[in-house]
Amino acid sequence: MKTPIPHIVAKDVVKTVQLTESELTILQDIHLTINQGATVAIVGASGSGKSTLLGILAGLDQASSGEVYLAGQPLHQLSEDQRAELRARSVGFVFQSFLLLPSLTALENVTLPAELAGMPDARVRGLELLAQVGLSHRADFFPNQMSGGEQQRVAIARAFITKPAVLFADEPSANLDSATGEKIEDLLFELNEQQGTTLILVTHNHELAQRCQYRYLMHAGHLAAEQPKATEDKRHVG
Amino acid sequence: MWGKIAWRLFWRELSRGELWVIAFSLFLAVLTVVSLSGITESVRSALFQRSANFVAADLILRSSVAFNEQVQQQADQLELQSARQVQFNSMVFAKDLMQLVSIKAVSAEYPLRGQLKLSSSVADPTKTASLQQGQLYLENRLFSLLNIKVGDSIELGEKEFIAAGVIVEEPDAPLSVFGSSPRILMQLEDVNATGIIQPGSRISYRLMFAGAQQQLGLLETQTKELLGPQDRWQKMDRESAIGGALDRSERFLLLSGLLGIVLAACAAAVAANRYSQRHARSVAVMKALGATTSLSRKIYGSHLLFVVIFSVGFGLIAGQLLVLLSQWGVAFWMPEYLAEFSVRPLALGMLTAAICALLFSARPLWRLAAVPALNVLREKPDQVKFDVVHLASGSVAIWLLMWLFSGDIWISSWLFALCLLFAALLMGFAALLVRIAKPMTAGQSSALKLALANLRRRLWPNAFQLITFSLALFLSLLLYFLRSELLDQWQQQVPQGAPNQFLVNLTDQDKTALQQLAKAHQLRLTEFYPMVSGRVLAVNGENFADEATKEKPEQRQGVGRELNLTWLNHLPDNNKLESGQWFSTDTKAEVSVESQLAERLQLKLGDQLQFSVGGQLFEAKISSIRKVDWNSLQPNFYMVLSPDLMQGFPATYITAFYLDMSEQELLNQIVRQFPTVSLISVDTILKQVNDIIAQVSVALTFILLLVFASAVLVLVAQVQATLEQREQELAILRTLGAKSTFLKAALLYEFAALGALAGLFATLLAEVLLAAVQQQFFDLPYSPHWNLWWLGPVTGVVLVTTLGAWQVRGLLKMSGSTLLRRALQN
Ligand SMILES: Nc1ncnc2c1ncn2[C@@H]1O[C@H](COP(=O)(O)OP(=O)(O)OP(=O)(O)O)[C@@H](O)[C@H]1O
Ligand SMILES: [Mg+2]
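Fair warning: this is a prediction, and the values are worked out from it, not measured in the lab.

## What to know about the overall build of chain B
For step 1, the next point in the chain: A count of helical and extended segments in chain B gives 20 helices and 22 strands.
For step 2, the next point in the chain: Counting every position in chain B, which comprises 826 residues, the buried fraction comes to 54%.
For step 3, the next point in the chain: Within chain B, contacts between residues separated by at least 24 positions form 81% of all contacts whose residues are at least 6 apart in sequence.
For step 4, the next point in the chain: In the structure as shown, chain B presents an accessible area of about 38100 Å², 59% of it carried by carbon and sulfur atoms.

## So, the pattern of salt bridges
For step 1, the next point in the chain: What the rule picks out here adds up to 14 salt bridges over all chains.
For step 2, the next point in the chain: Arg215(A) is the partner of Glu226(A) in a salt bridge, and the nearest nitrogen-oxygen pair spans 3.6 Å. In this pair, Glu226(A) is assigned in the loop between β10 (222–225) and α8 (230–237) and Arg215(A) in strand β9 (residues 214–219), connecting sequence segments 11 residues apart.
For step 3, the next point in the chain: Exposure remark for Glu226(A): the relative accessible area of 30% places this residue in the partly exposed category.
For step 4, the next point in the chain: A salt bridge links Glu69(B) to Arg84(B); the shortest N-O distance between them is 2.8 Å.

## Remarks on the site of ligand 1
For step 1, the next point in the chain: In the neighbourhood of ligand 1, 15 residues make up the surrounding shell, with Ser46(A), Gly47(A), Lys50(A), Ser51(A) and Thr52(A) lying closest.
For step 2, the next point in the chain: Each of chains A and B places residues near ligand 1.
For step 3, the next point in the chain: Here an oxygen atom of ligand 1 and a side-chain polar atom of Lys50(A) are 2.7 Å apart.
For step 4, the next point in the chain: One nitrogen or oxygen atom from the side chain of Thr52(A) is found 2.5 Å from an oxygen atom belonging to ligand 1.
For step 5, the next point in the chain: The protein chains hide 62% of the 640 Å² of surface that ligand 1 would expose on its own.

## Notes on the sheet that holds strand β2 (residues 23–35) of chain A
All names here are of chain A.
For step 1, the next point in the chain: Read from one edge to the other, the open sheet built from four strands follows the order β2-β1-β4-β5, with strand pairing classed as antiparallel. In the strand order of this sheet, the two ends are held by β2 and β5 (73–74), each with one partner.
For step 2, the next point in the chain: Note that strand β1 (residues 6–18) and β2 share nine bridges and pair antiparallel. When the sheet's bridge partners are listed, proline 6 is paired in β2 with asparagine 35.
For step 3, the next point in the chain: Those strands touched by helix α1 (residues 50–57) are β1, β2 and β4 (65–70), and its axis lies near 60 degrees from that of β2.

## Comments concerning the interface of chain B and chain A
For step 1, the next point in the chain: With 26 residues of chain B in contact, the opposing surface of chain A contributes 32 residues.
For step 2, the next point in the chain: Both faces considered, chain B and chain A share a buried interface measuring about 2700 Å² in area, 61% of it formed by carbon and sulfur atoms.
For step 3, the next point in the chain: The largest share of the area that chain B buries against chain A comes from Arg12(B), Leu289(B) and Leu377(B), three residues that together contribute 25% of it.
For step 4, the next point in the chain: Taken together, the links from chain B to chain A amount to five salt bridges.
For step 5, the next point in the chain: Across the salt bridge formed by Glu108(A) and Arg12(B), the nearest N and O atoms sit 2.4 Å from each other.
For step 6, the next point in the chain: Where chain B packs against chain A, one counts six residue pairs in polar contact (both at pLDDT 80 or more).
For step 7, the next point in the chain: Of all the secondary-structure elements, those providing two or more residues to the side of chain B that touches chain A are α1 (2–13), α7 (241–288), α8 (293–333) and α20 (816–825) of chain B.
For step 8, the next point in the chain: Looking at the side of chain B that touches chain A residue by residue, the classes come out as 13 nonpolar, five polar and eight charged.

## Points about the confidence of the model for chain B
Residues and elements named next belong to chain B.
For step 1, the next point in the chain: Chain-level statistics for chain B give a pLDDT mean of 79 and a share of 84% at 70 or above.
For step 2, the next point in the chain: Summarising per-element confidence for chain B, the mean pLDDT is lowest in α20 (64) and highest in strand β6 (residues 135–138) (92).
For step 3, the next point in the chain: Below a pLDDT of 50 lies the segment residues 175–179, which in the model reaches 14 contacts outside its immediate sequence neighbourhood of four places, other chains included.
For step 4, the next point in the chain: Counted against residues more than four places away or in other chains, residues 547–555, with its pLDDT under 50, gives seven contacts.

Rules of the game
Residues numbered from 1 in each chain as written. Chains lettered and ligands numbered in written order. Predicted model: local features only at pLDDT ≥ 70, side-chain atom pairs only at ≥ 80, totals over all residues. Heavy atoms only, no water. Helix = DSSP H or I, 4+ residues; strand = E, 2+ residues; numbered from the N terminus. Buried < 20%, exposed > 50% of the residue type's maximum accessible area, 1.4 Å probe, protein only. Contact = heavy atoms within 4.5 Å. Areas by Shrake-Rupley, 256 points an atom, 1.4 Å probe, with all protein chains shown as cover. Salt bridge = Lys/Arg side-chain N within 4 Å of Asp/Glu carboxyl O. Near = heavy atom within 4 Å. Polar contact = N/O pair within 3.5 Å; in protein donor to acceptor, adjacent residues only side chain to side chain. Pairing = 2+ DSSP bridges. Axes fitted to C-alpha atoms, helices over the stretch in contact; angles between N-to-C directions. Buried area = accessible area lost by both parts, 1.4 Å probe. Nonpolar A, V, L, I, M, F, W, Y, C, P; charged D, E, K, R; others polar. pLDDT = per-residue confidence, 0-100.

Quick look at the structure:
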């Protein structure tokens, strides 16, 4: 067993938002350490703060207080543009509602992050990834010409094109039927394993959570770890 | 790198509507500005060239003392062409006959503009001749008045001259319909020998200049200091029918052009707003994937830039083409017209596009790039907040444009305040109506209920839509009605069959003979106005100064020349009493004064004027002030005396009639039969006025089309802006089981209601503004425009419903499941 390298660290993270009259605390006392290459699931009731936490860990949003480190970088000290650059280099996303750009083709959607990060050979890599998710024949289709499952596969290809160190997925299969959803999940874990990406999943789906090495439960802004039982679970699902 | 992404996105976006709306709006704005200012400029320069022909120069400096040699030097430095002339009245003698004449002595360069035609034969005007030293050319009637023929000698002052021929055509002959003394043309060099010019003589010195517009302008500004109180630039005759028509058309063209531009700019703003709303998600995604705010700004800013380049390019080209077309048209009715290329319209067009793009469209795109990346995690993106900055920048832009076009900060601010007031009024009305609509819906069919519920639910977006719809309709209606009113006005000034031939200097015998001739040829003579020349010497016992002097500038300056006086029982048709009372049958020794003259001479009711007619002095009290319509081609008089005053004076008469172009032969007969009568034909002036009216009416129709196109564009942009939301609502309603026919009816009702309201508001506003225009510009009493009251609301309903239905047709055709899928994807 190799020694795990801390890849994502959250210390004392608090998130509050100012409402017109009062202050609302969405996240409280979040402590979290995630090692490189780990798969992590965050579960919890609707409105418990899962997406908010994801946003903060991914550098989309900033915590009201506390420290967050991503791939060795102190997110809480970076400017918005620096965080954008960090995301371009090291972070991939898969969203519940796919969020492909409607005016770009499948291939163009896949290559977009690579182009934004200024990577060469975006097109070749894009075609490879499309082949990997089984959509070579849809390269020139626009999002509205594809089914939901196909769109999400394109989104996965897009997430991996920059070979990100961390992949964040917010309810990746929630908008799909269970069979399609499962295929999407398989793909996610497969690519994750291939590239050694750290995977952080937000989900309602317990079966999906069971496939991850670590599970955290979000409850009213508090985060609690469940016991890691990676080996057992893999057998259960497998 | 970002360029590639930007270009790709831009290219794909072209198939959606908004960029086209922005592009087309900007295109329309540029086209409007370039063509309007270009066409007005061409027409103006054509008229300038034409009126230059009338005064035989581009610019004239009149002086009562001597030629201003300093101005002449300045003009020489500017390399302007110049000529000189001196005008004065004197007696000429031929054997035992004498006659008061009006003499014009000219330098060899005369005329700088237009044509001088002289003939060596009284009977044959084609025997062309030129003015030589020692010669006089005479107006036709002088030959019979003095009983001489060509080649005879006549005396002028101390010198004898040869009567060498007749003046056939003189470019700067007085346009006035009043009889003046018979005219004589001579060389400037001969004037000294006559010995007529003595200190104190009443003489008009004229320096005439011609050249490029810019040089002429420079001359005027550079010589400001050099002018004495006796020097005066002669402006183009603004009181003529032509000048008046041009002034009005220019103001009107610019105003209406501006309306179209503001409409187009609003359409662009709405489209840009929707564009940025629709792309908010994409920007959030791109930013989540690592794009910075400034990168997004570049990507979307470049879209606006592409559109601007495209629209400005095509707008400039199309506008310039229209200008060329109009110049070609002008050259058609004015063959001597020299078309000039001007960059000013093009520059104005680009400036307008820049203002529209920066202040109307850039703001939404700027905000778009600021969408937070975090939005990718939100199921429903933030409701777009009302953008105060955008509203403010748009308002500033409108004001700037108004300023740019009116060139008058006061007018633009006033207009702008008026617009704000309208907007506020509309907003209040809309809010009120939508609220009132609620109880009204009880008991209505449910489709109507749904429509009204929809209207109410989106109260503020709808109020904004209502405002833009109303404004769009209002401007179209306003222009439509103003256009016909303006044309009516002009046509009334020069009605079909208006007198085009004037006979001046008729004696009592001529009068009866002419009446017989008129009867025989079925001519309709206007009334005979009696006329004598006289001077006003004093007011309330205080003599007028002949000239304003530097020592006593406050002293009132007299008329300085002879006036034609008449006496009448009744007020002429085209005169209006401003104050005082018209003469009654037993009025004694009263006079009615024209209002502008009264103002210039500081005369008021009750003042006692002293007149001199033929050396006889008499007094009259001012009993009324009249306003005279100088645009009417009718005999007009500054001073009208009460009939009792003029009984003793030998008067001549003036009358007029209409003669068709085809009956020119009759004119020759009249000239032969009445050799001492001057015949003045205003046919050419009338024709010009009619030509201008025709030109302007074409231009107005064109502007009407432009404004209407802009209005349609605004409607399209507005409906487009709500499409997304409508799609979602339709999806939900469909899922809840609403039938598509029901939804269709509800949508149509909604548009129809919006259209009806907008039409009603537009009608109200248009009526108010038309009433104001009627009174301010046309001096007409208010009369309601009945047609407006059905045309406005009907246009509103038909236009908004048709355009709305046309745009949502796709949505209505979609099946419920497609709608749902699309709604969920958004
Ligand atoms: N900007 C904000 N202003 C106010 N409230 C907010 C804001 N952002 C999040 N919230 C609130 O914080 C809570 C947590 O939101 P979050 O989106 O993180 O929940 P979630 O666990 O992802 O829920 P779901 O499973 O439904 O996606 C919610 O109640 C939400 O309404
Ligand atoms: Mg969530």
